[in-house]
Every structure is written in structure tokens, then in C-alpha cells.
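Chain and residue survey
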Amino acid sequence: MAATQRIVIENCSIATVDADDTEYATGHLVVAGNRIESLGAGRAPEGLENVVRRIDATGHLLTPGLVNTHHHFYQWITRGLATDHNLFNWLVALYPTWARIDEPMVRAAAQGSLAMMARGGVTTALDHHYVFPEGSGDLSGAIIGAAREMGVRFTLARGSMDRSEKDGGLPPDFAVETLEGALAATEATVREHHDASFDAMTQVAVAPCSPFSVSTELMREGAELARRLGVRLHTHGSETVEEEQFCKELFGMGPTDYFESTGWLGEDVWMAHCVHMNDSDIAAFARTKTGVAHCPSSNARLAAGIARVPDMLAAGVPVGLGVDGTASNESGELHTELRNALLINRLGAHREAALNARQALRLGTYGGAQVLGRAGEIGSLEAGKLADFVLWNLDTLAHASIADPVTALVFGAAAPVTASFVNGEQIVENNRLLHVDEDAIARSTRDEAQRLARIAAQA
């Protein structure tokens with residue numbers, strides 16, 4: 001049996017984001033195989049065997065890899081459209097185009113979305129994909145394949161819609177699945193792709209799209225399916241005032257009460273956005289440990305409002321960060337959400353006390369791991385956890401006069417990623433992806449965006 005190989009990283013600042021927020025002004029981390037073996041202040045211990053690589057990380061901050069908790073990869077090829085719309089008008093404007101996606105388009109869009117996140121420090125990504133036009137090919141397989149090629153840890157939230165325009169929903173009639181078809185396809189995806197092991201690279205969640213595009217039957221039976229299969233549940237919730245009005249008119253109750261009535265509150269559930277939550281809603285999420293994917297840039301882009309993140313955290317609600325789809329967050333980067341989450345929440349009721357730099361970093365790392373149900377494996381730098389981490393270069397003009405490295409990372413300009421590791425394997429070096437051709441991805445996404453635009457124009 002081959003001896004376990006080790007990687008040693010030294011001379012860097014370290015923010016572990018563990019339960020005690022342990023930090024080292026100058027420290028080391030030792031990787032053995034795909035696990036963190038040890039870390040601490042000063043230089044690594046002498047006499048380590050089978051060290052295949054030593055990294056002098058002077059001038060860098062070492063953090064856990066960023067964890068993205070909400071995204072829609074396919075939207076990469078419809079960026080820059082409907083830029084002055086609120087959520088419902090934006091959906092109405094774009095659904096006719098989205099309903100014409102196919103497998104090559106989705107694969108290219110997934111590559112573009114993953115590339116932007118990975119080169120910016122994301123080591124665990126999630127895609128909530130819910131548009132499955134008939135005859136469009138193996139969309140789930142295309143997305144999972146793109147993540148595997150990139151080397152990113154990945155969760156596919158297998159979405160679905162069965163409430164179309166004829167039923168009072170927003171998607172075109174030809175863009176939705178039947179109740180039976182959605183449930184069957186979701187179960188097949190879980191059985192084929194979900195890995196429940198500690199170091200799983202691919203997992204699957206059950207994820208009907210939203211209350212206004214999904215029947216009550218699909219919500220209820222989707223929750224039952226997820227729990228029967230032992231996987232997590234994800235959907236959109238309380239994103240806009242209009243959604244709350246829609247739920248009250250259609251179901252006679254607000255979104256949180258509706259979710260509870262259909263089995264959609266619990267520690268195995270997380271919701272995207274949760275902008276319009278009252279005290280009772282937050283208390284229900286805290287009581288049931290239902291998680292939240294906070295998407296500050298998308299919420300601002302669609303004028304949805306400011307989520308009550310400080311109140312959620314104070315109540316004990318698990319909260320992570322999400323890019324959201326790149327048709328409502330064109331940058332497609334999660335590391336900029338650290339800064340945006342902090343700044344936007346300071347515009348709310350708590351003002352300067354809303355969030356600090358370390359709370360923002362926790363949202364993007366450990367908070368995301370909690371939301372995805374993987375806090376025992378990733379999200380903090382601790383011995384025994386998986387070796388998913390990022391070296392941020394703070395030895396730059398942009399960060400030169402900020403003494404505190406975590407403040408520099410969160411408040412300052414986007415820091416370059418010198419190295420990013422997933423499962424002990426390096427996937428980024430000096431802001432470039434190691435396993436894929438970024439230039440080829442750029443060409444492919446541009447070509448597929450143009451092809452989709454032509455098809456939509458001819459429809």
C-alpha cells in the first residue's frame with residue numbers, strides 16, 4: 001500500500017472559521033491525502049514523511065474554500081437581458097428564451113458558471129436547475145459532467161416545474177414537466193448521481209422551483225421523495241412582496257406557513273433568498289433549523305429588498321451565501337458576495353452593527369457548509385476535515401495598507417487566488433483553472449448564447 005502523500009503550506013495568515021474563530025497571524029497547514037492532517041501557529045512540524053510539495057505562502061491568507069448555496073448555471077448564456085425588471089417581470093421576459101435551452105447550451109453555461117466561481121475561490125458549488133424542455137437531452141448529466149471536469153465539489157439541486165401559464169404560473173406551457181414526470185426524473189437523478197459518502201464530490205437535492213411555478217402536489221410529494229431517498233430539499237422562498245401576495249391569494253397563507261403545510265420546513269431544507277420574512281417566519285426557520293441561501297447581489301439587481309440576515313443569525317437560522325443565476329448577477333462570482341453581503345445588510349435596520357468581516361467570511365464558508373448539510377466535512381479548517389481551501393494573495397497594491405487580512409479580504413478589492421484546492425487536489429493556480437481551457441469555455445459560451453438568441457427570435 002502506497003504511503004500517504006503530504007502537502008505543507010507555511011508562512012501564511014490563517015482564518016480557520018472553526019467554532020472559536022481561531023486565527024493564526026503566521027501559521028501552517030498539513031494535508032495528508034484528501035484530508036487536513038494538522039494546522040497551527042508557526043512552521044510545520046519537522047520530520048514529516050512523504051512531503052511531495054511545500055508552499056511558501058508569505059503574504060497570503062489561507063481560508064476554507066467558499067461554498068455556493070444557490071445558483072442557476074444555465075442563465076450564464078442569457079446575461080445582460082431584462083436589466084431593469086423586477087422578479088416577476090424578469091421571469092416573464094426570460095422564460096420564453098430559457099424554455100429553448102438544450103444539452104450543449106446547458107453544458108457550456110455550466111462550464112462558464114463554474115469557471116468564474118472556481119477561479120474566485122469556490123470549492124463547493126451548487127446548481128438549482130429546473131428547466132427541462134422536452135427533447136432537450138441529458139441536462140443533469142451535462143451539468144454534473146462540467147463540475148467533474150473542473151474538479152469542484154458539487155451539489156445538483158434537481159429542480160422541476162409543473163405549474164405553467166395555463167395553471168396560473170409564469171413559465172410557458174411547453175417549458176414544464178408533469179407531476180409524475182418530474183418526480184420520476186428527480187428520483188432517477190438521485191439514484192444515478194447522489195453520493196452519500198464523507199468525501200463525496202457529487203450530491204443531489206430535490207428542488208421544485210418555487211411556489212408560483214409548482215403545484216402543491218409536487219411540493220408535498222417532492223418532500224416525501226427526498227426524505228425517502230435521504231437527500232436534502234431546496235427551493236425559492238419569500239423572495240419578493242409579489243410572491244407573498246401570490247401565496248396568500250392562491251393558498252390563503254404566506255410562504256412560510258405554506259411551506260410548513262407541505263412539509264418544507266426542517267433541518268434538511270434550505271430556501272433561496274428569504275427577503276421578506278417577519279418575526280414569526282424567522283422563528284419558524286430557527287425552530288426547525290431550516291437554512292437560507294442569502295443572495296445579496298441578485299436581491300439588489302431585481303430590487304427584491306434586503307434580507308434580515310442579522311436577525312436570522314441571531315435567532316440561530318443557518319445562513320450561507322449564493323451567487324444566484326447569472327441573469328440576475330452577471331458577475332457570477334461568490335467572493336464578491338462576501339463584501340456585498342456585509343455592505344447591503346448595513347443599509348438595513350442594524351446599520352453598522354449588521355455584519356462584520358468575520359461574519360461575512362463565515363457566511364461564505366461554514367454557513368454554506370451548514371446549509372448543504374456538510375458542516376462535518378467542509379467549511380472550516382480543522383484536522384480531519386476535507387482539504388478544501390484557498391490561498392488569497394494579499395501582497396498586492398489593492399490590499400497593501402490594510403493590516404488585518406480578513407478585513408482586507410472582505411472589505412477590500414477582490415483578492416487574487418494564488419491556489420485553490422479541492423479534496424487535496426489543486427484546481428486553480430494564479431487565478432487560472434488547471435483542468436480546463438478558460439478561453440475555450442469563453443468561446444463556447446458566447447457561441448451558445450448567440451445560438452439560443454437566434455432560436456428564441458425565430459420562435
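Owing to the predicted nature of the structure, the values given are computational and were not obtained by experimental measurement. (Residues numbered from 1 in each chain as written. Predicted model: local features only at pLDDT ≥ 70, side-chain atom pairs only at ≥ 80, totals over all residues. Heavy atoms only, no water.)

**Describing the layout of surface pockets**
The volume enclosed by the largest pocket comes to roughly 220 Å³. In terms of lining residues, the largest pocket is bounded by Leu 313, Gly 316, Val 317, Pro 318, Val 319, Gln 359, Arg 362, Leu 363, Tyr 366, Gly 367 and Gln 370. (1 Å grid on protein atoms, 1.4 Å probe; cavity = no way out; pocket = protein on both sides within 12 Å on 5 of 7 lines; lining within 4 Å. Points joined across faces, edges and corners; volume = space filled by probe spheres on them.)

**Regarding empty space enclosed by the protein**
Going through the model one piece at a time under the given rule, you end up with three cavities of 30 Å³ or more. Counted as a void, the largest cavity has a volume near 120 Å³. Leu 87, Leu 91, Tyr 130, His 236 and Glu 239 are the residues nearest the centre of the largest cavity, which is lined by 16 residues in total. The dominant element in the lining of the largest cavity, judged by the number of residues it contributes, is helix α1 (residues 87-98), at four residues. Among the residues making up the lining of the largest cavity, the classes are represented as eight nonpolar, six polar and two charged. (Helix = DSSP H or I, 4+ residues; strand = E, 2+ residues; numbered from the N terminus. Nonpolar A, V, L, I, M, F, W, Y, C, P; charged D, E, K, R; others polar.)

**Examining the nonpolar core**
In this structure, Trp 90, Trp 98, Met 150 and Met 312 are the most contacted members of the largest nonpolar core, which totals 112 residues. No other element matches the nine residues that helix α2 (residues 103-118) contributes to this core. Other than its neighbours up to four places away in sequence, Trp 98 contacts Tyr 74, Gln 75, Thr 78, Trp 90, Leu 91, Tyr 130, Val 131, Pro 133 and Ala 327. Ranked by size, the runner-up nonpolar core spans 16 residues in total, among them Ile 14, Ile 55, Phe 389 and Ala 419. (Core = buried A, V, L, I, M, F, W, Y, C linked by side-chain atoms within 4.5 Å. Buried < 20%, exposed > 50% of the residue type's maximum accessible area, 1.4 Å probe, protein only. Contact = heavy atoms within 4.5 Å.)

**Here we look at a negative patch on the surface**
A contiguous patch of negative charge on the surface is contributed by Glu 180, Glu 217, Glu 221 and Glu 224. Counting residues per element, the negative patch draws most heavily on helix α5 (residues 216-229), which supplies three residues. (Patch = residues over 30% accessible without salt bridge, like charges linked within 9 Å, V, L, I, M, F, W, Y side chains within 5 Å. Areas by Shrake-Rupley, 256 points an atom, 1.4 Å probe, with all protein chains shown as cover. Salt bridge = Lys/Arg side-chain N within 4 Å of Asp/Glu carboxyl O. Lys, Arg positive; Asp, Glu negative; His and termini not counted. Charge placed at Lys NZ, Arg CZ, Asp CG, Glu CD.)

**Points about the pattern of salt bridges**
Under the criterion given, the structure shown has 24 salt bridges. For Arg 54, the salt bridge identified is with Glu 10, shortest N-O distance 3.6 Å. Of the two residues, Arg 54 sits in strand β4 (residues 51-56) while Glu 10 sits in strand β1 (residues 6-15), which places them 44 residues apart along the sequence. We classify Glu 10 as buried; its relative accessible area is 5%.

**Quick notes on the side chain of Ser 328**
Structurally, Ser 328 is set in the loop between β13 (319-321) and α11 (335-345). For Ser 328, a relative accessible area of 0% gives the class buried.

**A short note on the confidence of the model for the protein**
Counting all residues, the mean pLDDT for the protein is 96, and 100% of those residues have values of 70 or more. The lowest-confidence element of the protein is helix α6 (residues 241-251), averaging 88 in pLDDT; the highest-confidence one is strand β5 (residues 60-64), averaging 99. (pLDDT = per-residue confidence, 0-100.)

**Here we look at the packing of α2 against helix α3 (residues 139-150)**
At a closest axis distance of 9 Å, the pairing of α2 and α3 adopts a crossing angle of 35°. In this structure, α2 meets α3 at a crossing whose hand is right-handed. Of the residues in α3, those touching α2 at Glu 103, Val 106, Arg 107, Ala 110, Gln 111, Leu 114, Ala 115 and Ala 118 are Leu 139, Ala 142, Ile 143, Gly 145, Ala 146, Ala 147, Glu 149 and Met 150. A per-class count over the contact of α2 with α3 returns eleven nonpolar, two polar and three charged. (Axes fitted to C-alpha atoms, helices over the stretch in contact; angles between N-to-C directions. Left-handed = near helix turned anticlockwise from the far one by under 90°.)

**Structural notes on helix α14 (residues 438-458)**
Taking 1.5 Å of rise per residue, 21 residues should cover 30 Å, and α14 covers 31 Å from first to last C-alpha, within 8% of that figure. For α14, the set of buried residues is Glu 438, Ile 441, Thr 445, Glu 448 and Leu 452. Down the axis of α14, the smallest arc covering the buried residues is 85°, so these residues share one side. Within α14, the exposed residues directed more than 90 degrees away from the buried face are Ala 457 and Gln 458. On the buried face of α14, the contacting elements are α1, α2, α3 and β17 (432-433). Structurally, the start of α14 carries an N-cap: the backbone nitrogen of Asp 439 is 3.0 Å from a side-chain oxygen of Asp 437. (Expected span 1.5 Å × (residues − 1). Arc of directions from axis to C-beta. Polar contact = N/O pair within 3.5 Å; in protein donor to acceptor, adjacent residues only side chain to side chain.)

**Points about the packing of aromatic side chains**
We describe a pair of aromatic rings using the distance from one ring centre to the other and the angle between the two ring planes. Considering all chains together, one arrives at ten aromatic pairs under this definition. Three or more aromatic residues joined by ring pairs make a cluster, and in this case those are Tyr 74, Trp 90, Tyr 95, Trp 98 and Tyr 130. For the cation-ring pair, Arg 79 lies above Trp 76, with the distance from its terminal atom to the ring centre recorded as 3.8 Å. (Phe/Tyr/Trp six-rings, centres within 6.5 Å; stacked < 30°, edge-to-face > 60°. Lys NZ or Arg CZ within 6 Å of the ring centre and 35° of its normal.)

**Notes on the environment of Ser 420**
Tracing the chain through its elements places Ser 420 in strand β15 (residues 417-422). Separated by 305 residues in sequence, Ser 420 and Ala 115 place their C-alpha atoms 12 Å apart.

**Examining the environment of Ser 140**
Within the secondary structure layout, Ser 140 lies in helix α3. A sequence separation of 13 residues divides Ser 140 from Asp 127, and the C-alpha atoms of the two residues are 9.8 Å apart. Apart from residues no more than four positions distant in its own chain, Ser 140 is found in contact with Phe 132, Leu 156, Arg 158 and Thr 189.

**Re α1**
If you check which residues of α1 are buried, you get Leu 87, Phe 88, Trp 90, Leu 91, Leu 94, Tyr 95, Thr 97 and Trp 98. Around the axis of α1, the buried residues are gathered within 165° of arc, so they sit on the same side. Turning to α1, the residues buried within the fold contact α6, α9 (296-301) and α14.

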